[in-house]
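Geometric and topological summary
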Amino acid sequence: MAPAHDPNSIGGAAQKEEATVKVPSKDPKKKDEAPVKVPSKDPKKKDEKKEDDLSEEDMELKQNLELYVERVQDPNPELQRAALESMRQEIRASTSSMTSVPKPLKFLRPHYGTLKAFHVTMPDSDLKKYLSDILSVLALTMSAEGERESLGYRLIGTEGDIGSWGHEYVRNLAGEIAQEYTKRQSEEAPIEDLMELVQQIVAFHMKHNAETEAVDLLMDVEDLDLLLEHVDKANFKRTCNYLTSAAKYLPGPDDMLVLDISYMIYMKFEEYPNALQIALFLDNTQYVKQVFTSCTDLLRKKQFCYMIARHGITFELDDEMVADDDDREALQDIVNNTKLSEGYLTLARDIEVMEAKTPEDIYKAHLLDGRASSGANVDSARQNLAATFVNAFVNAGFGQDKLMTVPSDSTTGSSGNWLFKNKEHGKTSAAASLGMIQLWDVDSGLSQLDKYFHSNDNPIIAGALLGVGIVNCGIKNDCDPALALLGDYIDKEDSSVRIGAIMGLGIAYAGSQNDQIRSKLSPILNDAKAPLDVIAFASLSLGMIYVGSCNEEVAQSIIFALMDRSEAELGDALTRFLPLGLGLLYLGKQESVEATAEVSKTFNEKIRKYCDMTLLSCAYAGTGNVLKVQDLLSQCGEHLEKGDIHQGPAVLGLAMVSMSEELGIDMQIRSLERMLQYGEQNIRRAVPLALGLLCISNPKVTVMDTLSRLSHDTDSEVAMAAIISLGLIGAGTNNARIAGMLRNLSSYYYKDASLLFCVRIAQGLVHMGKGLLTLSPFHSERFLLSPTALAGIVTLLHACLDMKPIILGKYHYVLYFLVLAMQPRMMLTVDENLKPLSVPVRVGQAVDVVGQAGRPKTITGFQTHSTPVLLAVGERAELATDKYIPLSPILEGFIILKENPDYREE
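All figures in this text were calculated on a predicted structure; none of them were measured in a lab.

Thresholds, definitions, all that
Residues numbered from 1 in each chain as written. Predicted model: local features only at pLDDT ≥ 70, side-chain atom pairs only at ≥ 80, totals over all residues. Heavy atoms only, no water. Helix = DSSP H or I, 4+ residues; strand = E, 2+ residues; numbered from the N terminus. Buried < 20%, exposed > 50% of the residue type's maximum accessible area, 1.4 Å probe, protein only. Contact = heavy atoms within 4.5 Å. Areas by Shrake-Rupley, 256 points an atom, 1.4 Å probe, with all protein chains shown as cover. Lys, Arg positive; Asp, Glu negative; His and termini not counted. Charge placed at Lys NZ, Arg CZ, Asp CG, Glu CD. Phe/Tyr/Trp six-rings, centres within 6.5 Å; stacked < 30°, edge-to-face > 60°. Lys NZ or Arg CZ within 6 Å of the ring centre and 35° of its normal. Salt bridge = Lys/Arg side-chain N within 4 Å of Asp/Glu carboxyl O. Pairing = 2+ DSSP bridges. Core = buried A, V, L, I, M, F, W, Y, C linked by side-chain atoms within 4.5 Å. Patch = residues over 30% accessible without salt bridge, like charges linked within 9 Å, V, L, I, M, F, W, Y side chains within 5 Å. Axes fitted to C-alpha atoms, helices over the stretch in contact; angles between N-to-C directions. UniProt positions renumbered as here; feature names shortened; annotations may be inferred. Polar contact = N/O pair within 3.5 Å; in protein donor to acceptor, adjacent residues only side chain to side chain. Expected span 1.5 Å × (residues − 1). Arc of directions from axis to C-beta. Parallel < 35°, antiparallel > 145°, perpendicular 65-115°, else oblique. Nonpolar A, V, L, I, M, F, W, Y, C, P; charged D, E, K, R; others polar. Left-handed = near helix turned anticlockwise from the far one by under 90°.

What follows is about the overall build of the protein chain. Tallying secondary structure elements over the protein chain gives 44 helices and 11 strands in all. Dimensions of the protein chain, computed from the C-alpha atoms along their principal axes, are close to 110 × 70 × 65 Å. The buried share of the protein chain, reckoned over its 906 residues, is 56%. Pairs at least 24 apart in sequence give 71% of the contacts found in the protein chain among residues at least 6 apart. Surface summary for the protein chain: the accessible area is close to 38,400 Å², and the carbon and sulfur share equals 50%. Computed over 90 positive and 126 negative side-chain charges, the inter-centroid distance for the protein chain is 6 Å.

Here the structure, examined in full by the defined rule, presents 18 aromatic pairs. Measuring from centroid to centroid gives 4.8 Å for Tyr 306 and Phe 894, while their planes differ by 10 degrees, and the two rings are stacked. Of this pair, Tyr 306 sits in helix H16 (residues 298–311) while Phe 894 sits in strand E11 (residues 893–899); the two residues are 588 residues apart in sequence, bridging distant segments of the chain. Among the aromatic residues, those joined into a cluster by ring pairs are Tyr 272, Phe 292, Phe 304 and Phe 315. The cationic tip of Lys 492 hangs over the ring face of Tyr 489; the distance from NZ or CZ to the ring centre is 5.0 Å. Positioned over the ring face of Phe 398 is Lys 770, at 3.7 Å from the centre of the ring.

With that settled, the discussion passes to the pattern of salt bridges. Per the stated rule, a full pass over the model turns up 26 salt bridges. For the salt bridge of Asp 515 with Arg 518, the shortest nitrogen-to-oxygen distance reads 3.3 Å. With Asp 515 and Arg 518 both in helix H28 (residues 515–525) and 3 residues apart, this pair spans about one turn of that helix. The partner of Lys 606 in a salt bridge is Glu 567, with the nearest N and O atoms 3.7 Å apart. Placement of the pair is Lys 606 in helix H34 (residues 605–619) and Glu 567 in helix H31 (residues 567–570), with a sequence separation of 39 residues. Using a relative accessible area of 43% as the deciding quantity, one classes Lys 606 as partly exposed. Three or more residues are tied together by salt bridges with common partners; here these are Glu 168, Arg 171 and Glu 213.

A separate point is the pairing of strand E6 (residues 840–846). With 6 bridges connecting them, E6 and strand E7 (residues 859–866) associate as antiparallel partners. Note on E7: the bridge partner recorded for Gln 845 is Thr 860. Inspection of the sheet shows E6 paired to strand E9 (residues 875–879) by 5 bridges, in the antiparallel sense. Within the sheet, the bridge partner assigned to Arg 842 lies in E9 and is Glu 878.

To continue, consider the environment of Val 593. Of note, Val 593 is situated in the loop between helix H32 (577–585) and helix H33 (594–600). On the basis of relative accessible area, Val 593 is assigned to the buried category, the value being 5%. Setting aside residues no more than four positions away along its own chain, Val 593 makes contact with Tyr 586, Leu 615 and Ala 619.

Omega for the peptide link from Thr 867 to Pro 868 comes to 0 degrees, which places this bond in the cis form. Residue position: Pro 868 is located in the loop between E7 and strand E8 (869–870). Even without glycine at this site, Glu 222 takes up a positive phi of about 55 degrees. Tracing the sequence through the fold places Glu 222 in the loop between helix H10 (211–220) and helix H11 (227–230). A positive phi angle, near 70 degrees, is found at Trp 440, a position not held by glycine. As for its placement among the helices and strands, Trp 440 is situated in the loop between helix H23 (424–437) and helix H24 (442–453).

Looking now at the pairing of strand E5 (residues 826–830). In terms of burial, E5 is largely enclosed, as 5 of its 5 residues are buried. Residues Met 826, Leu 828 and Val 830 point to one face of E5 and Met 827 and Thr 829 to the other, with burial holding for every one of them. Bridge count for E5 against E8 is 2 bridges, and the pairing is antiparallel. In the sheet register, Met 827 faces E8, and the bridge partner there is Val 869. Here E5 runs beside E11; their pairing, made up of 4 bridges, is parallel. Within E11, the position partnered with Val 830 by the bridge is Ile 896.

Next up on the list: the nonpolar core. Counting residues in hydrophobic clusters, the biggest one holds 293 residues, and the most contacted among them are Leu 138, Phe 537, Phe 577 and Tyr 816. Setting aside anything within four residues of it in sequence, one finds Phe 537 in contact with Ile 499, Ile 502, Met 503, Leu 574, Phe 577, Tyr 811, Tyr 813, Val 814 and Phe 817. Core analysis: the next-biggest nonpolar cluster, separate from the first, contains 13 residues, Val 841, Leu 871, Leu 879 and Leu 891 among them.

Attention now moves to a negative patch on the surface. A cluster of like negative charges, contributed by Glu 316, Asp 324, Asp 326, Glu 329, Asp 333 and Asp 478, occupies part of the molecular surface. Considering the arrangement of structural elements, one finds Asp 478 in the loop between helix H25 (458–471) and helix H26 (481–486). According to the relative accessible area criterion, Asp 478 is exposed, its value standing at 68%.

On to the sheet that holds E6. Strand order in the open sheet formed by 3 strands is E7-E6-E9, and the pairing between neighbours is antiparallel. A strand with exactly one partner marks an edge of an open sheet, and here the two such strands are E7 and E9. Between one strand axis and the next, the sheet turns by 30 degrees as a mean value, whatever way the strands run.

Moving on, we get to the UniProt feature "domain: 26S proteasome non-ATPase regulatory subunit RPN1 C-terminal" (unreviewed entry) in the protein chain. Under the present numbering, the feature "domain: 26S proteasome non-ATPase regulatory subunit RPN1 C-terminal" (unreviewed entry) in UniProt falls on residues 850–903. Between the end C-alpha atoms of residues 850–903 the distance is 30 Å, and the span holds 0% helix and 46% strand.

As for its placement among the helices and strands, Thr 795 is situated in helix H43 (residues 787–800). A polar contact is formed between the side chain of Thr 795 and the backbone oxygen of Ala 791, at a distance of 2.6 Å. Residues contacting Thr 795, with those up to four places away along its chain left out, are Leu 540, Met 544, Phe 577, Leu 580, Leu 584 and Phe 817.

Within a beta sheet, neighbouring strands are joined by backbone hydrogen bonds and run either parallel or antiparallel to one another. Spatially, the 4 strands line up as an open sheet ordered E8-E5-E11-E10, and their pairing is mixed. Across the chains shown, the open sheet's two edge strands, defined by having one partner strand only, are E8 and strand E10 (884–886). Where helix H18 (residues 340–351) meets the sheet, its contacts fall on E5, E8 and E11, and the angle it forms with E5 comes to roughly 105 degrees.

A word on helix H2 (residues 56–72). Its 17 residues give H2 an end-to-end C-alpha distance of 24 Å, which sits within 8% of 24 Å, the value for a rise of 1.5 Å per residue. If you check which residues of H2 are buried, you get Glu 57, Asp 58, Leu 61, Asn 64, Leu 65, Tyr 68, Val 69 and Val 72. Mapping the buried residues of H2 onto a view down its axis gives an arc of 140 degrees, with all of them on the same face. Exposed side chains of H2 directed beyond 90 degrees from the buried face belong to Glu 56 and Glu 70.

Turning our attention to the packing of helix H6 (residues 126–142) against helix H8 (residues 167–187). Running from N to C, H6 and H8 point in directions that differ by 80 degrees, and their axes come no closer than 10 Å. By the angle class used here, H6 and H8 are roughly perpendicular. Mapping the contact onto sequence places Ser 136, Val 137 and Leu 140 in H6 and Glu 168, Tyr 169 and Asn 172 in H8. Class assignment of the residues belonging to the contact of H6 with H8 gives a composition of 3 nonpolar, 2 polar and 1 charged.

Here the focus is helix H21 (residues 380–394). Compared with an ideal rise of 1.5 Å per residue, which puts 15 residues at 21 Å, H21 spans 21 Å between its outermost C-alpha atoms and is within 8% of the ideal. The buried count for H21 comes to 14 of 15 residues, which makes it a mostly enclosed element.

Let's shift gears to the environment of Glu 56. Mapping Glu 56 onto the fold places it in helix H2. With relative accessibility at 56%, the residue Glu 56 sits in the exposed group. For Glu 56 and His 767, which are 711 residues apart along the polypeptide, the C-alpha to C-alpha distance reads 77 Å.

With that settled, the discussion passes to a nonpolar patch on the surface. Together, Tyr 249, Leu 663 and Met 667 line one region of the surface with nonpolar side chains, adding up to about 350 Å² of accessible area. Positionally, Tyr 249 belongs in the loop between helix H12 (236–247) and helix H13 (254–268).

With that settled, the discussion passes to the packing of helix H14 (residues 272–282) against H16. Contact pair H14 / H16: the axes reach a minimum separation of 10 Å and the direction vectors enclose 25 degrees. Considering their axes alone, H14 and H16 lie roughly parallel with respect to each other. Judged by the sense of rotation from one axis to the other, the crossing of H14 with H16 is right-handed. Where H14 abuts H16, its residues Tyr 272, Pro 273, Leu 276, Gln 277 and Leu 280 lie against Arg 300, Phe 304, Met 307, Ile 308 and His 311. Looking at the contact of H14 with H16 residue by residue, the class counts come to 7 nonpolar, 2 polar and 1 charged.

Here you go:
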């Protein structure tokens, strides 16, 4: 057997290479053994010095190991067994530290070949397996790259526990298994032996806090189902965290598979809010139902309803999900978002911003030099129209303003006054702005809009119809007031009234997949007498209502409408809304679009490519699919004649596909910079809009500077797009720097009515909702993408690709599509009776803690406020008290708090 170890040498591993100067040991036994060595200058002594360099213990270890190597080759099996056992002891004892190569492995290096050769000659026996184990560990440091010897010897070794050889060994095996698996798959060889080993490794990793490595290995061998057996209470959160964040970087179908697994794990451990999030991400109604049926606690179900309402999908609860009728009605109310207005106004009162603002408060013209104010008389109807929009955006949802809701008997005259300061189609936007001011408050909104229905002025009726749609945006109601009011106006004579009604329905029922409305709107698409603009808006509204549903019948109707267009009509700016309506049907649905994309190849060549790009960009929106980004980039690289318009949607598509994660956004911003330098004019016009989409409601300084530079571009189209985008990236943030830039632009462009109009709109956007709203379609810590919100933003951007006829022409009310994306950026805590409850919370920058060891802090640089609070982009909140337990791990929107039974007052 091996000689007893010196107690001071921990298998020789703890001692690093001995230094040349040895410090005399304190241990009296060793006093005389440690002379101070001086580096020798004598060349003859070089060789001896190498031997000398090893300390006594190391020399002893080295000699012992050489002895074992000889004994292993001894014919006597007893001696062999003893030698192998001792060698194994030495290696086991030394693999504990991984900072340097363990001594035994180092000393056995020269003998690796001998042992390998001897292994081949050995007859099959336990001893051979024993030697295989040892060779497998030696191969860790000695085998050539790509030989996979460690794995080879492991598979013919003993069945024993692999963990005892140390983490590094297990990690190395996992890497070799992945390579071996790929090789065997291509040769179609059996893989059972590998899978047994995978089982062991995964179990080892999961026990030792290396969940990420276990997941990586299982992804390599395509068997994630194994995870379900190995996760436990302690590690399931970290495992799922890693799975969900990895999903963004995986190619399809793997990404969905990974999310499926994490859904199952969350359900297994009753972590329902997270399971619900994944169900919403997968857009899987069955899964959503399952969450409701599995959970028994009514309060938690209320929290789920708030999450569904925030995501903006239409969802009917049935008696399986909630048994009691009264409860079900209360929950359905939450899903229908009826509480949104109340919560928003609670936030506004708390932050003390209820005071109505006028456009002048936003323009702050007094801060500028004299010349701007002198330009006030330029095209005043255009200026009033801009003021209408600014007023609508700034006072959105507050229910009061100084232009539209002024009581009629006051000294300022009747509220009708402002309405008639606008020209024909301007009145439409003015009347609709009342809907925006009363946003989400259906009852008072409808009663205020009612007076306009009795007008005999068509544009005003159109505006009132659109206003009804806006008030109902995102709010569902059992008695469907919007459908009842707007349904009768769809087939009126006047096209502006028809558009008002159609667009109103599209906004009110976005995402609801309501078949009643389809049966009203589809006939318009194929009506030969209908004017083009009515058809364009009908197609757009159908796209909104059936967003992401892949509905065959709607797709058919829009395709036929596109085929029926004459050459002249295809050149019209509004025709772009037809392919867009078609694209919205497939928003984020990836492969499902392929059949329709094939059909689009048969269209007239004027619109064919445009349609192709729009479909591609909508279908892969928010997926981060790298291959699609490459396709779109190659389209943008071509230098074409002036007439081609398909590059615009391709540039927007780049932003749509890569907007879901930070890395993609940064890479996209860089490639858009390149396009500005090399691209043709029509690409340059779309780049600012793409930047606006990438950083929507998230004013990044670099993007802000780029847009500021473009807002002085010689091409006025580029300048207008850049100005609108400045508004989009600052939307609802009250960002002072952007506000300053826009003020300066307003004085720079004071003679140019069109550009000034854009500047005003951007100013309205930056101060949207007095800084309480956001346009970001992402929520739940940027995990979920609300399809209706994205549809609204994308529609506006497509309209901005051709500003002059649409936004600066008579269809400026397209701006109201943004209402689909407007959401309060608040966190409001409520008690068990859903009444607001003020608690202290910490709000700080969110930190990505995926795969980090221990329990790292999830936010940094926090401040403590009491709820309700505002959350900026990239911020996260956590409760600063243990008195309550939040029912959802993601603190955004409405959060129900339940009292903590274990809480003790200090």
